[in-house]
Amino acid sequence: MAQQDERQTRAELRRMLDPDFETYEEVDVRHALFRKRRLRVDLLAIPRDPLLSDLALAFETKGERDWLIPTYAEALKQASDYVLARVEPKLAEHAGKPVMATFIYPAPRKVMEPNPRRVEADRKIFFLSGMAHMAGYHRVGTAQMENLKRGQALVLSVNEEIWNSQRGWRTNARNVLAGKRQVGSQRFPILEEIQTLDGTR
(Lines give C-alpha, C1' and ligand atoms only; values in the text may rest on other atoms or scores of the structure.)
Protein backbone atom coordinates (compact mmCIF):
# COMPACT_ATOMS: atom_id res chain seq x y z
CA MET A 1 0.00 0.00 0.00
CA ALA A 2 1.35 3.41 -0.95
CA GLN A 3 2.07 5.84 1.84
CA GLN A 4 -0.53 8.58 2.26
CA ASP A 5 0.28 12.04 3.48
CA GLU A 6 -1.16 13.33 6.74
CA ARG A 7 -3.91 15.32 5.01
CA GLN A 8 -5.15 12.17 3.28
CA THR A 9 -5.11 10.03 6.42
CA ARG A 10 -7.00 12.73 8.33
CA ALA A 11 -9.70 12.91 5.62
CA GLU A 12 -9.92 9.12 5.65
CA LEU A 13 -10.33 9.09 9.44
CA ARG A 14 -13.05 11.75 9.38
CA ARG A 15 -15.09 9.74 6.88
CA MET A 16 -15.01 6.67 9.10
CA LEU A 17 -15.83 8.57 12.30
CA ASP A 18 -18.60 10.71 10.82
CA PRO A 19 -21.61 8.49 11.60
CA ASP A 20 -20.87 8.42 15.35
CA PHE A 21 -18.84 11.60 15.95
CA GLU A 22 -18.76 15.31 15.24
CA THR A 23 -15.21 15.99 14.05
CA TYR A 24 -13.11 19.14 13.87
CA GLU A 25 -9.59 19.67 12.51
CA GLU A 26 -6.78 21.71 14.06
CA VAL A 27 -8.49 22.41 17.40
CA ASP A 28 -6.83 24.38 20.20
CA VAL A 29 -6.82 22.83 23.67
CA ARG A 30 -5.39 24.03 26.98
CA HIS A 31 -2.83 21.71 28.61
CA ALA A 32 -4.18 20.12 31.80
CA LEU A 33 -1.11 20.88 33.94
CA PHE A 34 0.71 23.71 32.20
CA ARG A 35 -2.27 26.04 31.90
CA LYS A 36 -0.33 28.69 29.99
CA ARG A 37 0.30 26.19 27.21
CA ARG A 38 -2.13 25.90 24.35
CA LEU A 39 -1.79 22.89 22.09
CA ARG A 40 -3.38 22.07 18.75
CA VAL A 41 -4.80 18.61 18.15
CA ASP A 42 -4.93 17.27 14.61
CA LEU A 43 -8.50 16.05 14.94
CA LEU A 44 -11.04 16.40 17.75
CA ALA A 45 -14.03 14.05 17.91
CA ILE A 46 -17.15 14.53 20.04
CA PRO A 47 -19.33 11.42 20.42
CA ARG A 48 -22.89 11.80 19.11
CA ASP A 49 -24.07 9.33 21.76
CA PRO A 50 -25.69 11.48 24.50
CA LEU A 51 -24.16 9.27 27.20
CA LEU A 52 -20.66 10.26 26.01
CA SER A 53 -21.19 13.66 24.39
CA ASP A 54 -19.74 15.53 27.40
CA LEU A 55 -16.32 14.08 26.52
CA ALA A 56 -13.84 14.78 23.73
CA LEU A 57 -11.40 12.45 22.00
CA ALA A 58 -8.26 13.61 20.23
CA PHE A 59 -6.45 12.02 17.31
CA GLU A 60 -2.80 12.37 16.40
CA THR A 61 -2.72 11.71 12.66
CA LYS A 62 0.35 10.82 10.65
CA GLY A 63 1.14 9.78 7.11
CA GLU A 64 3.14 6.73 8.21
CA ARG A 65 1.78 3.22 8.27
CA ASP A 66 5.15 1.55 8.75
CA TRP A 67 6.78 3.34 11.66
CA LEU A 68 10.29 3.58 13.03
CA ILE A 69 10.40 3.05 16.78
CA PRO A 70 11.74 6.59 17.56
CA THR A 71 9.00 8.30 15.53
CA TYR A 72 6.30 6.10 17.07
CA ALA A 73 7.62 6.88 20.56
CA GLU A 74 7.53 10.60 19.79
CA ALA A 75 3.95 10.33 18.51
CA LEU A 76 2.90 8.57 21.74
CA LYS A 77 4.55 11.29 23.82
CA GLN A 78 2.88 14.07 21.85
CA ALA A 79 -0.49 12.32 22.09
CA SER A 80 -0.18 12.02 25.87
CA ASP A 81 0.11 15.81 26.17
CA TYR A 82 -3.48 16.16 24.91
CA VAL A 83 -5.07 13.90 27.52
CA LEU A 84 -7.14 15.87 30.07
CA ALA A 85 -6.59 19.10 28.15
CA ARG A 86 -9.68 21.31 27.75
CA VAL A 87 -11.16 22.49 24.48
CA GLU A 88 -10.54 26.20 24.04
CA PRO A 89 -13.43 28.73 23.66
CA LYS A 90 -12.72 29.21 19.96
CA LEU A 91 -14.75 26.01 19.40
CA ALA A 92 -17.66 27.53 21.30
CA GLU A 93 -20.14 24.65 21.20
CA HIS A 94 -17.63 22.31 22.87
CA ALA A 95 -15.54 24.75 24.91
CA GLY A 96 -14.28 23.31 28.18
CA LYS A 97 -14.87 19.67 27.33
CA PRO A 98 -12.03 17.45 28.54
CA VAL A 99 -10.02 15.30 26.16
CA MET A 100 -10.33 11.91 27.83
CA ALA A 101 -8.14 9.91 25.43
CA THR A 102 -5.94 10.36 22.39
CA PHE A 103 -5.59 7.87 19.54
CA ILE A 104 -2.74 7.43 17.07
CA TYR A 105 -3.96 7.08 13.49
CA PRO A 106 -2.99 5.17 11.51
CA ALA A 107 -1.80 2.77 14.17
CA PRO A 108 1.36 1.06 12.98
CA ARG A 109 0.94 -2.15 11.04
CA LYS A 110 4.67 -2.61 11.47
CA VAL A 111 7.21 -0.89 13.73
CA MET A 112 10.88 -1.11 12.86
CA GLU A 113 14.21 -0.35 14.45
CA PRO A 114 16.47 1.94 12.38
CA ASN A 115 18.67 -1.12 11.80
CA PRO A 116 16.55 -4.20 12.56
CA ARG A 117 19.42 -6.63 11.87
CA ARG A 118 21.12 -5.51 15.09
CA VAL A 119 18.10 -6.06 17.35
CA GLU A 120 16.75 -9.39 18.54
CA ALA A 121 13.09 -9.94 17.65
CA ASP A 122 11.97 -10.79 21.19
CA ARG A 123 13.59 -7.62 22.57
CA LYS A 124 11.70 -5.48 20.05
CA ILE A 125 8.36 -7.13 20.86
CA PHE A 126 8.96 -6.63 24.60
CA PHE A 127 9.89 -2.98 24.06
CA LEU A 128 6.81 -2.23 21.93
CA SER A 129 4.40 -3.97 24.28
CA GLY A 130 5.83 -1.93 27.16
CA MET A 131 5.37 1.30 25.21
CA ALA A 132 1.77 0.41 24.38
CA HIS A 133 0.95 -0.59 27.97
CA MET A 134 2.31 2.64 29.46
CA ALA A 135 0.61 4.72 26.79
CA GLY A 136 -2.71 3.01 27.57
CA TYR A 137 -2.32 3.83 31.26
CA HIS A 138 -2.14 7.48 30.25
CA ARG A 139 -5.16 6.96 27.96
CA VAL A 140 -3.27 7.02 24.70
CA GLY A 141 -4.59 4.38 22.37
CA THR A 142 -4.70 3.34 18.75
CA ALA A 143 -7.12 3.75 15.88
CA GLN A 144 -6.62 0.99 13.33
CA MET A 145 -8.36 -0.92 10.61
CA GLU A 146 -9.21 -4.52 11.47
CA ASN A 147 -10.75 -7.32 9.43
CA LEU A 148 -13.99 -8.42 11.05
CA LYS A 149 -16.63 -10.91 9.88
CA ARG A 150 -18.62 -8.21 8.10
CA GLY A 151 -15.57 -6.60 6.50
CA GLN A 152 -13.11 -3.96 7.60
CA ALA A 153 -13.86 -1.72 10.57
CA LEU A 154 -12.11 1.16 12.29
CA VAL A 155 -11.37 0.14 15.88
CA LEU A 156 -10.52 2.50 18.76
CA SER A 157 -8.61 0.83 21.59
CA VAL A 158 -7.11 1.96 24.88
CA ASN A 159 -5.54 -1.34 25.95
CA GLU A 160 -8.93 -2.79 24.99
CA GLU A 161 -11.48 -2.05 22.30
CA ILE A 162 -13.96 0.70 23.22
CA TRP A 163 -15.59 1.44 19.84
CA ASN A 164 -15.65 0.12 16.33
CA SER A 165 -17.36 1.40 13.23
CA GLN A 166 -19.48 -1.75 12.81
CA ARG A 167 -20.74 -2.36 16.36
CA GLY A 168 -20.47 1.09 17.95
CA TRP A 169 -19.54 1.64 21.61
CA ARG A 170 -18.69 -1.15 24.03
CA THR A 171 -20.79 -1.15 27.19
CA ASN A 172 -17.76 -0.28 29.37
CA ALA A 173 -16.49 2.55 27.13
CA ARG A 174 -17.40 5.39 29.47
CA ASN A 175 -15.72 3.65 32.37
CA VAL A 176 -12.53 3.13 30.32
CA LEU A 177 -12.49 6.79 29.27
CA ALA A 178 -13.71 8.58 32.38
CA GLY A 179 -13.85 6.02 35.18
CA LYS A 180 -11.54 5.60 38.13
CA ARG A 181 -7.82 6.17 37.82
CA GLN A 182 -5.08 5.10 40.17
CA VAL A 183 -2.55 7.64 41.42
CA GLY A 184 -0.12 6.12 43.89
CA SER A 185 -2.26 3.81 46.03
CA GLN A 186 -5.44 5.83 45.56
CA ARG A 187 -8.22 5.28 43.03
CA PHE A 188 -10.72 8.01 42.25
CA PRO A 189 -13.24 8.98 39.54
CA ILE A 190 -11.09 11.01 37.19
CA LEU A 191 -13.86 13.10 35.62
CA GLU A 192 -15.24 14.16 39.02
CA GLU A 193 -11.73 15.07 40.13
CA ILE A 194 -10.98 17.38 37.21
CA GLN A 195 -14.42 19.02 37.43
CA THR A 196 -13.80 19.79 41.10
CA LEU A 197 -10.37 21.29 40.31
CA ASP A 198 -11.92 23.48 37.61
CA GLY A 199 -14.64 24.66 39.93
CA THR A 200 -17.34 23.26 37.66
CA ARG A 201 -18.78 21.10 40.44
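The preceding data block contains the structure.
Throughout this document, residue positions are counted from 1 along each chain, in the order its sequence is written. Reporting of local features is limited, given that this is a predicted model, to residues whose pLDDT is at least 70; pairs of side-chain atoms are given and counted only at 80 or more, and all residues count toward the totals for whole chains, interfaces and linings. Side-chain metrics rest on all non-hydrogen atoms present in the structure, leaving aside hydrogens and water.

J.: Explanation requested: the overall build of the protein in the structure shown.
T.: Segments assigned H or I by DSSP are reported as helices when at least four residues long, segments assigned E as strands when at least two residues long, and all are numbered from the N terminus. For the protein, the count of helices and strands is five helices and 13 strands. Across the 201 residues that make up the protein, the buried fraction comes to 44%. Sequence separation of 24 or more characterises 59% of the internal contacts of the protein that already satisfy a separation of 6 or more. Surface accessibility follows the Shrake-Rupley procedure with a 1.4 Å probe radius. Residue values consider only the protein chains on display as shielding. For the protein, the accessible surface area stands at approximately 11400 Å², while carbon and sulfur atoms represent 51% of it. For every residue, the accessible area (1.4 Å probe, protein chains only) is compared with the maximum for its type, and the residue is labelled buried under 20%, exposed over 50%, or partly exposed between those bounds. Two residues form a contact once any of their heavy atoms are found within 4.5 Å.

J.: Looking at this structure, I do not really get the pairing of strand 8 (residues 140-148). What am I missing?
T.: Successive residues of a regular strand alternate their side chains across the two faces of the sheet. Here strand 6 (residues 99-105) runs beside strand 8; their pairing, made up of three bridges, is parallel. Note on strand 8: the bridge partner recorded for threonine 102 is valine 140. If DSSP finds at least two bridges between two strands, the strands pair. The sheet contact formed by strand 8 and strand 9 (residues 151-157) spans seven bridges and is antiparallel. Bridge pairing links leucine 148 to glycine 151 in strand 9.

J.: When you look at helix 1 (residues 6-17) in this model, what are you seeing that I'm missing?
T.: Note that an α-helix has 3.6 residues per turn; residues three or four places apart therefore point the same way. For helix 1, spanning twelve residues, the distance from its first C-alpha to its last is 16 Å, which sits close to the expected 16 Å at 1.5 Å a residue. Where helix 1 is buried, its residues contact strand 1 (21-30), strand 2 (38-47), strand 3 (56-61), strand 6, strand 9 and strand 10 (161-164). The N-capping residue of helix 1, defined by a side-chain oxygen 3.2 Å from the backbone nitrogen of arginine 7, is aspartate 5. How far a helix is expected to stretch is found by multiplying one less than its residue total by 1.5 Å. Two N or O atoms form a polar contact when they lie within 3.5 Å of each other; inside protein one atom must be a possible hydrogen donor and the other a possible acceptor, and for residues adjacent in sequence the pair counts only when both atoms belong to side chains.

J.: What am I meant to see in the side chain of arginine 10 here?
T.: Mapping arginine 10 onto the fold places it in helix 1. Side-chain polar atoms of arginine 10 contact the side chain of glutamate 26, separated by 2.9 Å. Not counting residues up to four positions away in its chain, the partners in contact with arginine 10 are Glu25, Glu26, Asp42, Leu43 and Thr61.

J.: What is the right way to read unusual backbone geometry from this model?
T.: Note that the residue after tyrosine 105, namely proline 106, is joined by a cis bond; omega there is -5°. On the secondary structure map, proline 106 appears in the loop between strand 6 and strand 7 (110-112).

J.: Whenever I open this one, the side chain of threonine 142 confuses me. Can you help?
T.: Looking at the element boundaries, threonine 142 is found in strand 8. Residue class for threonine 142 comes out buried when judged on its relative accessible area of 17%. Once residues lying within four places of it in the same chain are set aside, the contact partners of threonine 142 are Tyr72, Phe103, Ile104, Ala107, Val155, Leu156 and Ser157.

J.: I'm lost on the sheet that holds strand 6 in this one. Help?
T.: The strands making up a sheet are joined through hydrogen bonds of the backbone, oriented either antiparallel or parallel. One open sheet accounts for nine strands, arranged 5-1-2-3-6-8-9-10-11; its pairing is mixed. Of all strands in the sheet, those with a lone pairing partner are strand 5 (86-87) and strand 11 (168-169), marking the two edges. Running over the sheet, helix 2 (residues 69-80) touches strand 3, strand 6 and strand 8 and is turned about 160° from strand 6. Axes here mean lines fitted to C-alpha atoms, for a helix over just the part in contact, with angles spanning 0 to 180 degrees between N-to-C directions.

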